[in-house]
There are 2 protein chains.
Amino acid sequence: MSRTTIADVARAAGVTKATVSHALSGNRPISEETRAKVLAAVDKLGWVPSQSARALANRHANAVAVVLARNPDVIANDSFFPAFIAGVESVLAESETALVLQVVSGREAEERAYRSLANGRADGALLLDLRVDDWRVPFLDELGLPTVLVGAYDQQHPFSCIRTDDAAPIRDIVAHLREAGHERIAHVSGPLDYVHSRARAEAYIDEMHGDELLREGDFTAASGRALTAELLALPERPTAIMYANDTMAIAGLSYARSQGLKIPDDLAISGFDDDHLSAHLSPALTSVSSDPAARGRAAARLLRADILGAQPRTETVDCNVVHLRESTSAQSSAVSTVSRRTP
Amino acid sequence: MSRTTIADVARAAGVTKATVSHALSGNRPISEETRAKVLAAVDKLGWVPSQSARALANRHANAVAVVLARNPDVIANDSFFPAFIAGVESVLAESETALVLQVVSGREAEERAYRSLANGRADGALLLDLRVDDWRVPFLDELGLPTVLVGAYDQQHPFSCIRTDDAAPIRDIVAHLREAGHERIAHVSGPLDYVHSRARAEAYIDEMHGDELLREGDFTAASGRALTAELLALPERPTAIMYANDTMAIAGLSYARSQGLKIPDDLAISGFDDDHLSAHLSPALTSVSSDPAARGRAAARLLRADILGAQPRTETVDCNVVHLRESTSAQSSAVSTVSRRTP
């Protein structure tokens, strides 16, 4: 006889698996009628919701988790990640809560990691690097692990979410470059299945009215260099390139210089994420500081509330500030693209 | 009746508490005679080594830990830390092992964190930011938690250790500055109770033959700026300043410029840890790359071996490379201060 699963219970009750999970965990509002149907199905099938039950019983690991399915190098070379973790830790330290940080490769390892977290290793998780239609969202919902999504996730989901306006700073930089006389403006994006990369690329395409020159990078210096070479080899090369992070921008800048181009006279360049040294480069790099520490703090606070049983909610943390610097031929100045909200 | 403790057992057996712990854990070589004495005392007093027993029983948390007693900002703004963690994670990922990262403030919170780790949350710990006579070394020994010391710890200890030669790159930079004609060379160190800060400062003092100009900083930009101001206000100001990290060096460089000094003509400046953007600064910053990722990998491998019962051992990971750049008026070049060993 095959083991009864949550899917069998859902089918018998005529609801989704997520609803079964919510009805049992009490974490989400469910009508009494639905809850009764679910409990009747559970009874009838004799189902033991082992994973959820264990997770509930163990909801005092005093730890929250971040699982990263990226190359571990990202921890060292991405400006976002260390600052985000620092913000998370500053909130966790208040309650002597640990952060479980796990790097995995491959989907199976990632699923095992989340199962082990839900089985008592952690009380909740923060979800970074959100993809369009991210499989982890329904998966974590089914595991019953309190989760906070970090990013502007547009599909339906039952979790708390920290949103950011990724489009506004891109529109601002395009406007600034146009004012400086640029018409041929390229964008080297991050991987387009990331929700933030896509939101930025869409804002760029929208601003360019059909004249877009988009190349999809992967945030590494190598891709910044290769795509810059490709763009500069075009018969009608761009006079400005907007990169999705500072690492790609600096690699592009070095390549352009090696080809005899002067920055910003021959080519204007902008980055994103504002590395703590970008203002000190020569030329100083135009970039967007996004205050990842503030997002880390807000995400950790939301997760703490969720673990204690609060209703999931969405919070917008818009700390994006465009820093116009020499690499786009501006005088050094800061333009706040959105009203700053302290989370 | 008060509960029997490990101290009572140690007293009855005429050995140290650490020896009791080792005799029971089997983690360290102990003579049969000593082990017999300890076991007799355990028997006689009816002692239940709860913590060690639990730790042994749970030695499959499949997690290792790093506890940081520093401001969480260090995770974002220190070039060493994120790269070290990336190296650790690259080894842990092979065995789907998690890293428990906990920031604590105050010694009591730190002790609680280590106790909770030893009670089953982690199979072992990596000890960073080693101090001269570090209280954590005997404390972790008593907890029986496998530990790897990251740094050239000179006191006696029972653990595995990743050593680095902190003195060699300092001697090399002093020699380079002397060759360029500098006589008045200052050093802005890190906190001198850190073993690495002290080793570097001692190498500097040794090289200066009584002419030292040492100021103790704390690795922050603020202290780099304040101590630079102090040094430049001296009646006979230094013509070169060696900083213990790049963050302090860049803050010092900005301050010196704000006072009308030209770098390197009026003041030569060097950093340490070689931030990934330091080579791109203007002037490019002379610094020492120390390959923290290699140290992270080596430390994680040693810890894994220790957890599996290997004898503790000391490994030297000397990846320090001095990068002479424009800020000390050199042509760009790299000088390997020690033979490179791949761990």
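Computed from a predicted structure; not experimentally measured.

Draft legend 1. Quick peek at the pairing of strand E1 (residues 63–68) of chain B. Residues and elements named next belong to chain B. Among the six residues that make up E1, six are buried, leaving the element largely enclosed by the rest of the structure. Two strands pair when backbone bridges link them, and E1 and strand E2 (residues 98–103) are joined in this way by six bridges, in the parallel orientation. Bridge assignment links alanine 65 to a residue of E2, and that residue is valine 100. Judged from the three bridges that link them, E1 and strand E3 (residues 124–127) form a sheet pairing that is parallel. Its bridge partner lying in E3, alanine 65 is registered against alanine 125.

Draft legend 2. Spatial organisation of the side chain of B:Asp129. Residues and elements named next belong to chain B. Mapping aspartate 129 onto the fold places it in the loop between E3 and helix H8 (136–143). Engagement of the side chain of aspartate 129 in a polar contact is seen with the side chain of arginine 70, the distance being 2.7 Å. If we skip the residues at most four places from it in the chain, aspartate 129 touches Leu68, Arg70, Asp134, Arg136 and Tyr194.

Draft legend 3. Main features of the sheet that holds strand E8 (residues 240–243) of chain B. Residues and elements named next belong to chain B. Strand order in the open sheet formed by four strands is E7-E6-E8-E9, and the pairing between neighbours is parallel. Looking at strand neighbours, the two that pair on one side only are strand E7 (214–216) and strand E9 (268–270), the edges of this open sheet. Adjacent strand axes in the sheet meet at a mean angle of 15°, parallel and antiparallel pairs treated alike. Of the strand pairs in this sheet, E8 and E9 are connected by three bridges, and their pairing is parallel. When the sheet's bridge partners are listed, isoleucine 241 is paired in E9 with isoleucine 269. Contacts from helix H9 (residues 167–179) reach strand E6 (185–189), E8 and E9, with the element oriented near 165° to E8.

Draft legend 4. The arrangement of the packing of helix H9 (residues 167–179) of chain A against helix H10 (residues 195–208) of chain A in detail. Residue and element names in this part refer to chain A. At their nearest, the axes of H9 and H10 sit 8 Å apart, and the two run at 35° to each other. The hand of the H9/H10 crossing is right-handed. Seen from H9, the contacting residues are Ala167, Ile170, Arg171, Val174 and Arg178; seen from H10, they are Ala199, Arg200, Ala203, Tyr204, Asp206, Glu207 and Met208. Across the contact of H9 with H10, the residue classes break down as seven nonpolar, no polar and five charged.

Draft legend 5. How the structure looks around the sheet that holds strand E6 (residues 185–189) of chain A. Residues and elements named next belong to chain A. Reading across the sheet, the four strands line up as E7-E6-E8-E9 and stay open at both edges, with parallel pairing between neighbours. Edge positions in the sheet fall to strand E7 (214–216) and strand E9 (268–270), since each has one partner strand and no second. Each adjacent strand pair in this sheet contributes to an overall mean axis angle of 15°, direction not counted. In this fold H10 packs onto E6, E7 and strand E8 (240–243), with an angle of close to 165° to the strand it touches most, E6.

Draft legend 6. Summary view of the pattern of salt bridges. Residues and elements named next belong to chain B. In this structure the tally under the stated criterion is 34 salt bridges over all chains. As a salt-bridge pair, arginine 11 and aspartate 8 come within 3.4 Å of each other at their nearest N and O atoms. Taken as a pair, arginine 11 and aspartate 8 lie in helix H1 (residues 6–13) at a separation of three residues, close to a single helical turn. Glutamate 110 is the partner of arginine 136 in a salt bridge, and the nearest nitrogen-oxygen pair spans 3.8 Å. In this pair, arginine 136 is assigned in helix H8 and glutamate 110 in helix H7 (residues 107–121), connecting sequence segments 26 residues apart. For arginine 136, a relative accessible area of 5% corresponds to the buried category. Residue classification places glutamate 110 among the buried residues on the basis of a relative accessible area of 5%.

Quick notes on the rules
- Residues numbered from 1 in each chain as written.
- Chains lettered and ligands numbered in written order.
- Predicted model: local features only at pLDDT ≥ 70, side-chain atom pairs only at ≥ 80, totals over all residues.
- Heavy atoms only, no water.
- Buried < 20%, exposed > 50% of the residue type's maximum accessible area, 1.4 Å probe, protein only.
- Helix = DSSP H or I, 4+ residues; strand = E, 2+ residues; numbered from the N terminus.
- Pairing = 2+ DSSP bridges.
- Polar contact = N/O pair within 3.5 Å; in protein donor to acceptor, adjacent residues only side chain to side chain.
- Contact = heavy atoms within 4.5 Å.
- Axes fitted to C-alpha atoms, helices over the stretch in contact; angles between N-to-C directions.
- Left-handed = near helix turned anticlockwise from the far one by under 90°.
- Nonpolar A, V, L, I, M, F, W, Y, C, P; charged D, E, K, R; others polar.
- Salt bridge = Lys/Arg side-chain N within 4 Å of Asp/Glu carboxyl O.

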